[in-house]
Amino acid sequence: MISIRQLEFSYSPSARPVLKGIDLEIPENALFGLLGPNGAGKTTLLSILAGLIPCPAGCLFVDGRDMSEADNRSAARLSLVPQEYAFYLPLTVRENLTFFAGVQGVPKAEMDARIHEAAGQTGLEERLDSRAGKLSGGLKRRLNLAIGLLNRPRLLLLDEPTVGIDPHSRHFILETIRQLGRNGTTVIYTSHYMEEVEELCDQIAIMDHGQILRNGTLTELLAEAPQSVRGRQSTLESLFLDLTTRGLRD
Ligand SMILES: Nc1ncnc2c1ncn2[C@@H]1O[C@H](COP(=O)(O)OP(=O)(O)OP(=O)(O)O)[C@@H](O)[C@H]1O
């Protein structure tokens, strides 16, 4: 179980807050969808969960352990797959996986097995000797994901993992995430594709301007939706637009 309590964050003391008192409980084994317009604060929240941005004590707990302490953080086995491609284009898939397995502290004796496991989960076994820079967009996304799986995460944070790829690769990545969920990984997933979140996630939060506006199952969210939304076709997208429309965003 992940508990976020009254989490506040600003990028600098003089800047306006980007996260404003976030409270969230994310159950173990959840496939949790985090939705929000551009600039809502999703990536910042994931970066704090992943430890890229330090969090103050008392704001973030995994299984009751405070994530501001380094030992608790490594025991939690978190992994973040960022929006950007986070690997070296001139290296092969195998070289990238080997490098990042080393960075993540995978023991030497387990290195080969972990690389084959992550490549197998993401359908990259046949591409281990291909140069990363030569892969299609979909395969690059899969390599990003494979790197995030090398530490066999208990909690996987995915920041828009299907952006800009074809339907086959998208389907493959969604199936991989579903399978990880079935095998006990807790997944927090951000996306701008509402239908993906509706299909994949068992719990959904909608955030904007650094605050959680709604949080629950799809059924709960739609039941709480205002009459104006329920009267129309009850989709997550119509609720999202109803909650977050403030004119055109960037
Ligand atoms: N490194 C940074 N320094 C200063 N401000 C930042 C930094 N990163 C993000 N911000 C600001 O914080 C706010 C939240 O940004 P964030 O990237 O977390 O939103 P997001 O919901 O992930 O958006 P998107 O959907 O576009 O990825 C925005 O106003 C953004 O301009």
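Residues numbered from 1 in each chain as written. Predicted model: local features only at pLDDT ≥ 70, side-chain atom pairs only at ≥ 80, totals over all residues. Heavy atoms only, no water.

Going by what an unreviewed UniProt entry lists, the protein chain is known as ABC-2 type transport system ATP-binding protein and is assigned to Marinobacter persicus.

1. Considering the overall build of the protein chain
If you tally the helices and strands in the protein chain, you get 10 helices and 10 strands. Taking 18 Å as the expected radius of gyration for a compact globule of 250 residues, we find that the protein chain reaches 18 Å, a close match to that expectation. The dimensions of the protein chain, computed from C-alpha atoms along their principal axes, are 55 × 40 × 35 Å. When each of the 250 residues of the protein chain is scored for burial, the buried share is 49%. Considering only residue pairs separated by 6 or more positions, the protein chain has 66% of its internal contacts joining residues 24 or more positions apart. Looking at the protein chain as shown, the accessible area adds up to about 11900 Å², and 52% of this sits on carbon and sulfur atoms. With 26 positive and 31 negative side-chain charges, the protein chain shows a spacing of 3 Å between the two charge centroids. (Helix = DSSP H or I, 4+ residues; strand = E, 2+ residues; numbered from the N terminus. Rg over C-alpha atoms; globule rule 2.2 N^0.38 Å. Buried < 20%, exposed > 50% of the residue type's maximum accessible area, 1.4 Å probe, protein only. Contact = heavy atoms within 4.5 Å. Areas by Shrake-Rupley, 256 points an atom, 1.4 Å probe, with all protein chains shown as cover. Lys, Arg positive; Asp, Glu negative; His and termini not counted. Charge placed at Lys NZ, Arg CZ, Asp CG, Glu CD.)

2. Observations regarding the site of the ligand
Taken together, the neighbourhood of the ligand is formed by 14 residues, with N38, G39, K42, T43 and T44 sitting nearest. R16 places a polar side-chain atom, nitrogen or oxygen, 3.2 Å from an oxygen atom of the ligand. In this structure, an oxygen atom belonging to the ligand sits 2.9 Å away from a main-chain N or O atom of G41. For the ligand, the protein covers 61% of the area, taking 630 Å² as the surface of the free molecule. When grouped by side-chain class, the residues that make up the shell around the ligand number 4 nonpolar, 7 polar and 3 charged. (Near = heavy atom within 4 Å. Polar contact = N/O pair within 3.5 Å; in protein donor to acceptor, adjacent residues only side chain to side chain. Nonpolar A, V, L, I, M, F, W, Y, C, P; charged D, E, K, R; others polar.)

3. Considering the nonpolar core
A general tendency of soluble globular proteins is for nonpolar side chains to be buried together. Core analysis: the biggest nonpolar cluster contains 46 residues, and L97, L143 and Y189 have the highest contact counts within it. In terms of residues, this core owes the most to one element, helix α5 (residues 137–149), which gives 6 residues. Both domain 1 (2–77 + 155–244) and domain 2 (84–152) contribute no fewer than three residues apiece to this core. Setting aside anything within four residues of it in sequence, one finds L97 in contact with I115, A119, L128, L143, A146, I147 and L150. By size, the runner-up hydrophobic cluster in this structure holds 29 residues, among which are I2, I4, L24 and I53. (Core = buried A, V, L, I, M, F, W, Y, C linked by side-chain atoms within 4.5 Å. Domains from an automatic or database assignment.)

4. Looking at the sheet that holds strand β7 (residues 155–159)
Taken together, the 6 strands give an open sheet; going across it, the order is β6-β7-β8-β3-β9-β10, and neighbouring strands pair in mixed fashion. The outermost strands of the open sheet, each flanked by one partner alone, are β6 (78–81) and β10 (211–216). Across this sheet, the average inter-strand angle for adjacent strands is 15°, counted without regard to direction. (Pairing = 2+ DSSP bridges. Axes fitted to C-alpha atoms, helices over the stretch in contact; angles between N-to-C directions.)

5. As for a nonpolar patch on the surface
Judged by side-chain polarity, Y88, F99 and V103 come together as a nonpolar surface patch covering roughly 300 Å² of accessible area. Its place among the elements puts V103 in helix α3 (residues 93–103). (Patch = residues over 30% accessible without salt bridge, like charges linked within 9 Å, V, L, I, M, F, W, Y side chains within 5 Å. Salt bridge = Lys/Arg side-chain N within 4 Å of Asp/Glu carboxyl O.)

6. Quick notes on the sheet that holds strand β2 (residues 19–26)
In spatial order, the strands read β2-β1-β4-β5; together these 4 strands make up an open sheet with antiparallel pairing. Where the open sheet ends on each side, the last strands, each with one partner, are β2 and β5 (65–66). Across 5 bridges, strand β1 (residues 2–9) lies against β2 in antiparallel orientation. Bridge pairing in β2 places I4 opposite L24. Of the strands in this sheet, β1, β2 and β4 (60–62) touch helix α1 (residues 42–50), which is tilted by about 120° from β1.

7. Regarding unusual backbone geometry
Its identity is not glycine, yet R152 carries a phi of approximately 45°, on the positive side. As for its position among the elements, R152 is in the loop between α5 and β7.

8. Concerning the environment of L52
Mapped onto the elements, L52 comes out in the loop between α1 and β4. L52 sits in the exposed class, given a relative accessible area of 61%. Measuring from C-alpha to C-alpha, the distance between L52 and E125 comes to 30 Å, with 73 residues separating the pair along the chain. Once residues lying within four places of it in the same chain are set aside, the contact partners of L52 are S47 and L80.

9. What about the pattern of salt bridges?
Scanning the entire structure with this criterion turns up 8 salt bridges. A salt bridge links R170 to E196, with the shortest nitrogen-to-oxygen separation between them at 3.1 Å. A residue pair is termed long-range when its members are at least 10 positions apart, and R170 in helix α6 (residues 167–182) and E196 in helix α7 (residues 194–200) qualify at 26 residues. On the basis of relative accessible area, R170 is assigned to the buried category, the value being 17%. Since its relative accessible area comes to 2%, E196 is described here as buried. The partner of R178 in a salt bridge is E199, and the shortest N-O contact between them spans 3.0 Å. Within this pair, whereas R178 is found in helix α6, its partner E199 is found in helix α7, the two being separated by 21 residues in sequence. Under the relative-accessibility criterion, R178 is labelled buried at 18%. In this structure, a network of salt bridges that share partners links the residues E28, D63 and R154.

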